[in-house]
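# Tertiary structure, described
Residues per chain, in single letters:
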There are 2 protein chains.
Amino acid sequence: MKTIEGGVCAAQGFSAHGLHCGIRKNTSKNDLSLIYSEVPCSAAAVYTTNLVKGAPLTVTKQHLQNGIAQAIICNSGNANTCNADGIEIAEKMSGLTAGELSLSPDDIVVASTGVIGLPLPVEPIEAALPALVQGLNPNGSHEAALGIMTTDTIAKEVAVEFTLGGKTCHIGGIAKGSGMIHPDMATMLVFLTSDVAIEPGLLQKALSGDIQSTFNMLSIDGDTSTNDMVVILANGKADNPAISDDSEDFKTFMKALNTVTVELCRMIAGDGEGATKLLECIVSGARDEATAKTVAKSVICSSLLKAAMFGADANWGRVLCAIGYSGADVDVMKIDVSFRSGKGEILVCKNGAGVAFSEETAKEILLEKEIEILVDLNSGDISSTAWGCDLTYDYVRINGDYRT
Amino acid sequence: MKTIEGGVCAAQGFSAHGLHCGIRKNTSKNDLSLIYSEVPCSAAAVYTTNLVKGAPLTVTKQHLQNGIAQAIICNSGNANTCNADGIEIAEKMSGLTAGELSLSPDDIVVASTGVIGLPLPVEPIEAALPALVQGLNPNGSHEAALGIMTTDTIAKEVAVEFTLGGKTCHIGGIAKGSGMIHPDMATMLVFLTSDVAIEPGLLQKALSGDIQSTFNMLSIDGDTSTNDMVVILANGKADNPAISDDSEDFKTFMKALNTVTVELCRMIAGDGEGATKLLECIVSGARDEATAKTVAKSVICSSLLKAAMFGADANWGRVLCAIGYSGADVDVMKIDVSFRSGKGEILVCKNGAGVAFSEETAKEILLEKEIEILVDLNSGDISSTAWGCDLTYDYVRINGDYRT
């Protein structure tokens, strides 16, 4: 397996485009994106568990009931959530897209991201659709990635190439997500494409399984978005032999999918609102997976630890504190904690109590951009990783006046 | 019932004092406090539910097994938590205090607050104890309140006077708490005193009941401290007739207690780390108490809403978002949201969707120092309140480099 360029267009038969249609005030920013497959695809999705759901999610869920889709339309700048006419607008949006692409409306995935509670005007989308469709091209992933960004500072694209039954296959993806991100739910918007031949049920199984250790282990700020969804389309263009459940090919597909989703998690976490650092909490020595995950997520969600990491302060007491209130049944007296980065690794806590360490070395390690918080529970052999970012002045600035 | 001055010394027979003993570097800040009753008291306490517990909590729990105590010793600047010799040091601290006051060690409540994982030297405490005891006086509440502060910017004292069986009674308290505060646990350090005659079991019942709607509904940052405790001492000096379970007198006592604890909650929330605003989320129209509490806490804990309040931004979508992921079973389509302050009240969401409102009026309301977020679930007649504060640049600054 190798990482390649191309994002959502890396898989054969996919094209994409993005442009500014006028929902966002800033005319230099794309606010409408389209991803299209030449042929119908197996489609699978996971959605936010927030009771307050964006209207596009309701419409998409309905469209994906048959496990088939062929295009994804998404706007940024407005979430189309908590609006009286939300469903109507989301249906118009997919209907207009279907018309322009000569598809059935139920082959369209529709998504929106941005401010909640502001009516979404459909006119700018309607006016821009002909140009959006005309602009579809196999190098369009980057423009599409730009079109789904909100407070993101970088476009997020990943793709991998791998082999199934002698055929070259691909999975690629784009993602947006910077704030309102919390584990135990699907996270923000992630659109994945593949040319693998796989039936919809198995594709859903692959996606639902994968997110448990990827997007559900990612937290920026503990706020679960109303508009999160992860969608994968697989169009079969790779012409691989049909994948059956529990086969080696399915494992290979899962591994390729995981490579893409983990990298997108790291990109989303590293580009968290206001973030200056990517944090990874790697818990090992757990007696079971639930314990490992609970501990890793609790550490990565601690506002106090996140602020300490921003200040490059080796305040390991906050790691123990977060483990202690996580709800996981752990033996505090067995816990070891280390910090690691490109500058080295330092043990700061052994058997639940502090050890002498060089504050200068710790500072040097924590001044790096990617920090690993290593927690060994010394009670088993199960591991888990969670991703997050530091808490900074800029998170407060960005969210103190998001709507203006 | 009326609010009076005097804090923990408002109740008859109590004296207090606080001074700088040398645990904190800044010599102008008190770091050691003592509260003393002339006679043994009924004592009750609640503790953090964090698995990582400060050593003083273990020692205090043991001392309060008989429901009796007579003094509280507390240092700030060091939490005496996650230290190999923690229990030994906490026992020394209470033993030395007992010796100086000619009491038994198990009549001493011992508490510590500050940095986790740094050995606590007992020498400065030992050296300062004679002066601390000598300084005990009936106007000493303020010095004691200063001595338990960490990142607090104001000393927190409250007291009320009320009547039981014709006798004048008092409950007073001091509190510290600014960061690492989260509901569903006892919160930070709260020391309450009363001259009411009440047996220990009933006192514990009163305290355990009260905190469910007070300290357990308070969140600054979602991090649950390792050293939280709320302790109440009642010495019987008011000479009121014995209070029995479910009597009118017990209700009066509960009401007085609640007046003190609610005011301390408001003080703690308003003085949250870096806070510029006190936030109160008042949920009404809930079908049951669990729903009302879950919703109120979820709203008050949302980082995104807290940042919006800092920016005086009427971003009500974040209120709905936080209700949606709270886990409470609510009908989103029935929810109304308003913001209220000394400048007025404004409806921003009706039946789960936005309503037109004046952004200028909303801004004017949200620029005040005390903001109420009113959520009506329109599904019953149960209400609940949670307290919190805004998320500011200063929270990040304070916690980016807490240890130095």
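Quick caveat: nothing in here was measured; it's all calculated off a predicted structure. (Residues numbered from 1 in each chain as written. Chains lettered and ligands numbered in written order. Predicted model: local features only at pLDDT ≥ 70, side-chain atom pairs only at ≥ 80, totals over all residues. Heavy atoms only, no water.)

## Examining the overall build of chain A
Scanning chain A from terminus to terminus reveals 11 helices and 15 strands. Computed over its C-alpha atoms, the radius of gyration of chain A comes to 21 Å, within 12% of the 22 Å expected for a compact globule of 404 residues. Taken along its principal axes, the extent of the C-alpha atoms in chain A is 70 × 50 × 35 Å. Residues counted as buried form 62% of the 404 residues belonging to chain A. Long-range contacts, defined as pairs at least 24 residues apart, comprise 79% of the intrachain contacts of chain A with a sequence gap of at least 6. (Helix = DSSP H or I, 4+ residues; strand = E, 2+ residues; numbered from the N terminus. Rg over C-alpha atoms; globule rule 2.2 N^0.38 Å. Buried < 20%, exposed > 50% of the residue type's maximum accessible area, 1.4 Å probe, protein only. Contact = heavy atoms within 4.5 Å.)

## A look at the interface of chain B and chain A
Opposite the 51 residues of chain B that make contact, chain A presents 52 residues. Between chain B and chain A, roughly 4100 Å² of surface is buried when both sides are summed, and carbon and sulfur atoms account for 59% of that area. Linking chain B with chain A are 0 salt bridges. Looking at the side of chain B that touches chain A, the elements with two or more residues in it are helix 8 (303-310), helix 9 (317-324), strand 13 (353-354) and helix 11 (393-400) of chain B. Looking at which element gives the most residues to the side of chain B that touches chain A, the answer is helix 11 of chain B, with 6 residues. Tallied by class, the residues present in the side of chain B that touches chain A amount to 25 nonpolar, 17 polar and 9 charged. (Buried area = accessible area lost by both parts, 1.4 Å probe. Salt bridge = Lys/Arg side-chain N within 4 Å of Asp/Glu carboxyl O. Nonpolar A, V, L, I, M, F, W, Y, C, P; charged D, E, K, R; others polar.)

## Overview of helix 1 (residues 55-63) of chain B
Buried residues of helix 1 of chain B: A55, P56, L57, V59, T60 and H63 of chain B, and no others. The inward-facing, buried residues of helix 1 of chain B abut strand 3 (32-47), strand 4 (68-78), helix 2 (86-101), strand 5 (108-115) and strand 9 (229-234) of chain B.

## A closer look at the pattern of salt bridges
Counting across every chain of the model gives 31 salt bridges over all chains. The salt bridge involving E289 of chain B is made with K293 of chain B; its shortest N-O contact spans 3.3 Å. On the criterion of helical spacing, the pair formed by E289 of chain B and K293 of chain B is a turn pair, its members being 4 residues apart in helix 7 (residues 289-301). Judged by relative accessible area, K293 of chain B falls into the buried class, the value being 15%. R340 of chain B is paired through a salt bridge with E372 of chain B; the nearest N and O atoms lie 2.5 Å apart. Highlighted residues: R340 of chain B in strand 11 (residues 336-341) and E372 of chain B in strand 14 (residues 370-376), separated in sequence by 32 residues. One connected set of salt bridges, linked through shared partners, spans E263, R266, E280 and E370 of chain A.

## Regarding helix 5 (residues 200-211) of chain B
Residue and element names in this part refer to chain B. For helix 5, built from 12 residues, the straight-helix expectation of 16 Å at 1.5 Å per residue is met to within 8% by its first-to-last C-alpha distance of 17 Å. For helix 5, the secondary structure elements touched by its buried residues are strand 3, strand 8 (189-194), strand 9 and helix 6 (248-270). By the N-cap criterion, in which a side-chain oxygen at the helix start approaches the backbone nitrogen of a residue two or three places on, helix 5 is capped by E199, the distance to G201 being 2.9 Å. (Expected span 1.5 Å × (residues − 1). Polar contact = N/O pair within 3.5 Å; in protein donor to acceptor, adjacent residues only side chain to side chain.)

## Concerning the environment of N240 of chain B
Residues and elements named next belong to chain B. Mapped onto the fold, N240 is located in the loop between strand 9 and helix 6. Along the backbone, N240 and K167 are 73 residues apart, and their C-alpha atoms lie at a distance of 5.5 Å. Among residues more than four places away in sequence, those in contact with N240 are L164, K167, C169, D195, V196 and A197. Only 2.7 Å separates the side chain of N240 from the backbone nitrogen of A197, close enough to count as a polar contact.

## Some words on the sheet that holds strand 14 of chain B
All names here are of chain B. A sheet is described by the order of its strands in space; here 6 strands give the open sequence 13-12-11-14-10-15, paired in mixed fashion. Each end of this open sheet is capped by a strand with a single partner; those strands are strand 13 and strand 15 (382-389). Across 5 bridges, strand 11 lies against strand 12 (residues 344-350) in antiparallel orientation. Along strand 12, the bridge assignment pairs R340 with E345. Along the sheet, helix 7 contacts strand 10 (278-286), strand 14 and strand 15; its crossing angle with strand 15, the most-contacted strand, is approximately 20°. (Pairing = 2+ DSSP bridges. Axes fitted to C-alpha atoms, helices over the stretch in contact; angles between N-to-C directions.)

## Overview of unusual backbone geometry
Residue and element names in this part refer to chain A. Positive phi, close to 60°, is recorded for C82, a residue that is not glycine. Residue placement: C82 occurs in the loop between strand 4 (68-78) and helix 2 (86-101). The backbone phi angle of D239 is positive, close to 65°, even though this residue is not glycine. Structurally, D239 can be placed in the loop between strand 9 (229-234) and helix 6 (248-270).

## A short note on the relation of the copies chain B and chain A
Superposing chain B onto chain A takes a rotation of 180° plus a shift of 0.0 Å along the axis, which leaves an RMSD of 0.0 Å. Taken together, the rotation and translation describe the operation of a two-fold axis. Distance from the rotation axis, computed per C-alpha, reaches its smallest value in chain B at Y393 of chain B: 2.5 Å. Taken as a fraction of all interface residues of chain B, those also at the interface in chain A reach 100%, which identifies the copy contact as same-surface. (Least-squares fit on C-alpha atoms with pLDDT ≥ 70 in both.)

## A look at the sheet that holds strand 15 (residues 382-389) of chain A
Residue and element names in this part refer to chain A. With respect to topology, 6 strands assemble into an open sheet ordered 13-12-11-14-10-15, the strand pairing being mixed. Every interior strand has two partners, whereas the edge strands, strand 13 (353-354) and strand 15, have only one. Across 7 bridges, the pairing between strand 10 (residues 278-286) and strand 14 (residues 370-376) is parallel. Within strand 14, the position partnered with L279 by the bridge is I371. Relative to strand 12 (residues 344-350), helix 10 (residues 359-366) is tilted by about 125°, and along the sheet it contacts strand 11 (336-341), strand 12 and strand 14.

## Brief notes about the packing of helix 8 (residues 303-310) of chain A against helix 11 of chain B
Their axes nearest at 7 Å, the elements helix 8 of chain A and helix 11 of chain B cross at an angle of 75°. Comparing the axis directions of helix 8 of chain A and helix 11 of chain B gives the class roughly perpendicular. Between helix 8 of chain A and helix 11 of chain B, the contacting residues are S303, L304, A307, A308 and F310 of chain A on the first element and Y395, V396, N399 and G400 of chain B on the second. (Parallel < 35°, antiparallel > 145°, perpendicular 65-115°, else oblique.)

## Points about the packing of aromatic side chains
With the rule as written, the count across this model stands at 3 aromatic pairs over all chains. Aromatic side chains F310 of chain A and Y393 of chain A sit 5.4 Å apart centroid to centroid with 90° between the ring planes, which places their arrangement in the edge-to-face category. Within this pair, whereas F310 of chain A is found in helix 8, its partner Y393 of chain A is found in helix 11 (residues 393-400), the two being separated by 83 residues in sequence. With a relative accessible area of 32%, Y393 of chain A lands in the partly exposed category. One aromatic cluster is present, formed by F310 and Y393 of chain A together with F310 and Y393 of chain B through successive ring pairs. (Phe/Tyr/Trp six-rings, centres within 6.5 Å; stacked < 30°, edge-to-face > 60°.)

## Overview of the state of the cysteines
Overall, the coordinates contain 0 disulfides over all chains when judged by the stated rule. Unpaired in terms of disulfides, C74 of chain A finds its nearest cysteine sulfur in C21 of chain A, a separation of 11 Å. (Disulfide = S-S within 2.5 Å.)

## Here's the deal with the environment of A292 of chain A
Residues and elements named next belong to chain A. Inspection of the secondary structure assignment puts A292 in helix 7 (residues 289-301). For A292, a relative accessible area of 0% corresponds to the buried category. In this structure A292 touches V283, A286, I382, S383 and S384, once residues within four positions along its chain are discounted.

## Looking at the confidence of the model for chain A
Residues and elements named next belong to chain A. Averaged over all residues, the pLDDT of chain A is 91; the fraction at 70 or higher stands at 96%. For chain A, per-element mean pLDDT is lowest for helix 11, which scores 80, and highest for helix 3 (residues 123-134), which scores 98. Taken over the whole predicted complex, pTM reads 0.80, whereas the ipTM for its chain interfaces reads 0.74. (pLDDT = per-residue confidence, 0-100.)

## Quick look at the side chain of T113 of chain B
All names here are of chain B. With respect to the helices and strands, T113 occurs in strand 5. T113 gets classed as buried once you look at its relative accessible area, which sits at 5%. Non-local contacts of T113, meaning those with residues more than four positions away in its chain, are made with N75, S76, G77, N78, A79, I148, T150, K176 and L189.

## Quick word on the side chain of K156 of chain B
All names here are of chain B. Tracing the backbone through its elements, the reader meets K156 in strand 6 (residues 156-164). Only 2.6 Å separates the side chain of K156 from the side chain of D152, close enough to count as a polar contact. Within the structure, the side chain of K156 is placed 2.7 Å from the side chain of D271, a separation counted as a polar contact. Aside from chain neighbours lying at most four places away, what touches K156 is A145, G173, I174, A175, G177, L264, M267, I268 and D271.

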